[in-house]
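Descriptive structure summary
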Amino acid sequence: MSTAVPALPPLHRLPVTPVQAPHPTTLPDGTPAWLVTRYHDVRQTLTDPRFTRGDLHTVGTPGGGADVASNPASMFNQDGPAHRRLRSTVQRAFTARAIVGWQPWVAESVQQAVDALAADGAPTDLVAGFTRPVPFAVTSRLMGLDGDGPDRLDEQRLRRWTRAVLADGTPDGGDPDALGPDALGPGDELSDDPADALAEYAAYTAELIARRRRAPGEDLVSRLVQAADQDGGVPEESLVHLVCGLTASGNESVTGALGNALVYLLGERPDHWPRLADPDTTEHVTERLLHFIPLGDDEATTRRATHPVDLGGVRIPAGAVLAISLGSANRDPAVFPDGLDADLDHPLPAPTLAFSAGPHYCLGAWRMRLEMRESLRRLAIALPHLHLTTPVDRLTWQLGTTTRSPAHLPAAW
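Residues numbered from 1 in each chain as written. Predicted model: local features only at pLDDT ≥ 70, side-chain atom pairs only at ≥ 80, totals over all residues. Heavy atoms only, no water.

Counting its secondary structure elements, the protein chain contains 14 helices and 12 strands. Counting across all 413 residues of the protein chain, residues that qualify as buried make up 54%. For the protein chain, contacts bridging at least 24 residues in sequence account for 75% of all contacts bridging at least 6. Total accessible area on the protein chain stands at roughly 17400 Å², and carbon and sulfur atoms take up 54% of it. (Helix = DSSP H or I, 4+ residues; strand = E, 2+ residues; numbered from the N terminus. Buried < 20%, exposed > 50% of the residue type's maximum accessible area, 1.4 Å probe, protein only. Contact = heavy atoms within 4.5 Å. Areas by Shrake-Rupley, 256 points an atom, 1.4 Å probe, with all protein chains shown as cover.)

As structure tokens, this is what we get:
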């Protein structure tokens, strides 16, 4: 017989560590570290080259953590020349001109999902009907996986691989009786051995890269392959991991951000919903939502000091590990005194750290902002009376990965 667990709070109501000067702490795996929470201290740690990431891919999380963060081939786990080479390759693919060219069809994909949702009528599940279809449509077209040939990737297969890439060590998603029978959502079950799913995904991606070398197109995978081959020196394993991450993590991150934003807006700020029809309002609201609502329950990242460094009035010794709380920094009352419950129309007083900063700034930040803005604005225009039909404290959650989002969002209008 299972034991019931308390209902999980939405991510925007999770408590964060109060901001204070850097001080000693212990990571979940027993590693001693310095906890960094204040906005300016966190920003310095993320941008100062004396703090590195390269040897920390298995530090901090019992069991090594999710593959997306623990794989040494990941760009996130590299520093110095190798990281700069790979980052330069990616930036050649993500040019400003390319991003501007993608915007019209991203907007078109969002509008098609809005139209389909409205046509199906109420009641509806916003997860099945919107927060999953939108990112998958964008991912498929962006990566060139929406054709009829061998590259075509269906949503169920991507979901299976994504859950293996992002698995955080609790693949069953928690107590099924406490979370509800559909807490993971249809088709979300992990392989009996996540390593098998990871191997399948890597093999598929390696074959995809090989086909794009032979016959490049206008998609992002082709652009990445061409840039890597022109630059030279990019290990094939790193290229495979990069394409895997951009496809899986990018898709799931947008799904999670959209779902959690709707939980907050429709659950606590319904007065703001009709105002999102205005594009300027949506831009400010989007930035505040991405700033204050984390993607998962753990917003910490780690760095190592390569030299003694003065950080926030504290001397950090060379070799020390730092645990950086992005969530605490984004709630620092000295920088963001109004908090999430302020008027959402106002711009943030300082740049958000939700996407990190410095050399490891998130590659997908542009996509997250674009899809969030288009999705919220177009949904508010089409359905100004949209509302949840299940109380927030009774929602079930998709668990078992580095992100957490509602498994279902029952709604009507």
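Of all hydrophobic cores here, the largest spans 66 residues; its most connected members are Leu265, Trp273, Leu289, Met372 and Leu379. With nine residues, helix α11 (residues 236-268) is the largest single contributor of residues to this core. Residues Val138, Leu158, Val165 and Leu246 belong to the second largest nonpolar core, which totals 41 residues. (Core = buried A, V, L, I, M, F, W, Y, C linked by side-chain atoms within 4.5 Å.)

Before going further, it helps to spend a moment on the sheet that holds strand β2 (residues 32-36). Spatially, the five strands line up as an open sheet ordered β1-β2-β8-β5-β3, and their pairing is mixed. Since the sheet does not close on itself, it has two edges, and those belong to β1 (23-26) and β3 (51-52), each with one partner. Direction of pairing for β2 relative to strand β8 (residues 321-325): parallel, over a ladder of three bridges. Bridge pairing links Val36 to Ile324 in β8. Strands in contact with helix α1 (residues 39-47) are β2, β3, β5 (300-305) and β8; relative to β8, the strand with the most contacts, it is inclined by about 125°. (Pairing = 2+ DSSP bridges. Axes fitted to C-alpha atoms, helices over the stretch in contact; angles between N-to-C directions.)

The next thing to look at is the pattern of salt bridges. Two side chains of opposite charge can pair, provided their charged atoms sit close to one another. Summed over the entire model, instances satisfying the criterion amount to 21 salt bridges. Between Arg315 and Asp310 there is a salt bridge, with the nearest N and O atoms lying 3.3 Å from each other. If you follow the salt bridges from partner to partner, you end up with Asp151, Arg211, Arg212 and Asp219 in one network. (Salt bridge = Lys/Arg side-chain N within 4 Å of Asp/Glu carboxyl O.)

Here we have three strands laid out as an open sheet, ordered β4-β12-β9, and antiparallel in their pairing. Every other strand in the sheet has two partners, leaving β4 (124-125) and β9 (387-388) as the edge strands with one partner each. Where β4 lies against strand β12 (residues 410-412), two bridges are found, and the strand directions are antiparallel. In the strand pairing of β12, Thr124 is matched with Ala411.

Two quantities define a packed helix pair, namely the angle between the helix axes and the distance between the axes. At a closest axis distance of 8 Å, the pairing of helix α6 (residues 133-142) and α11 adopts a crossing angle of 155°. For the element pair α6 / α11, the angle class is roughly antiparallel. As for how α6 packs across α11, the hand of that crossing is right-handed. Only Thr247, Asn251, Val254, Thr255 and Leu258 of α11 make contact with α6, whose side of the interface consists of Pro135, Phe136 and Thr139. Its residues assigned to classes, the contact of α6 with α11 comprises four nonpolar, four polar and no charged. (Parallel < 35°, antiparallel > 145°, perpendicular 65-115°, else oblique. Left-handed = near helix turned anticlockwise from the far one by under 90°. Nonpolar A, V, L, I, M, F, W, Y, C, P; charged D, E, K, R; others polar.)

The share of residues in the protein chain with pLDDT of 70 or more is 88%, and the mean pLDDT across the chain is 87. Counting contacts from residues 171-191, a segment whose pLDDT is below 50, to residues more than four positions away or on other chains yields 43 contacts. (pLDDT = per-residue confidence, 0-100.)

Turning to the packing of aromatic side chains, a few remarks are in order. The full count for this structure, using the stated rule, is eight aromatic pairs. Between Phe94 and Trp102 the ring centres are 6.1 Å apart and the planes differ by 85°, which places this aromatic pair in the edge-to-face class. Ring pairs connect the aromatic residues Tyr39, Phe292 and Phe336, which therefore count as one cluster. The residue whose ring lies beneath Arg404 is Trp397, and the NZ or CZ to ring-centre distance is 4.7 Å. (Phe/Tyr/Trp six-rings, centres within 6.5 Å; stacked < 30°, edge-to-face > 60°. Lys NZ or Arg CZ within 6 Å of the ring centre and 35° of its normal.)

Next up on the list: the pairing of β8. Counting buried residues along β8, five of its five residues qualify, which places the element largely inside the surrounding structure. Burial of the side chains of β8 extends over both faces: Val321, Ala323 and Ser325 are buried on one face and Leu322 and Ile324 on the other. When β5 meets β8, the two strands line up antiparallel, connected through five bridges. Paired with Arg304 across the two strands is Val321, which belongs to β8.

This brings us to helix α3 (residues 80-93). An α-helical turn contains 3.6 residues, so a residue and the one three or four places further along point in the same direction. Between its first and last C-alpha, α3 extends 20 Å over 14 residues, near the 20 Å set by a 1.5 Å rise per residue. Residues of α3 that are buried: His83, Leu86, Arg87, Thr89, Val90 and Ala93. Taken around the axis of α3, the buried residues stretch over an arc of 155°, which confines them to a single face. Opposite its buried face, α3 presents the exposed residues Pro81 and Arg84, each directed more than 90 degrees away. Buried-residue contacts for α3 involve α4 (96-120), α10 (220-231) and α11. (Expected span 1.5 Å × (residues − 1). Arc of directions from axis to C-beta.)

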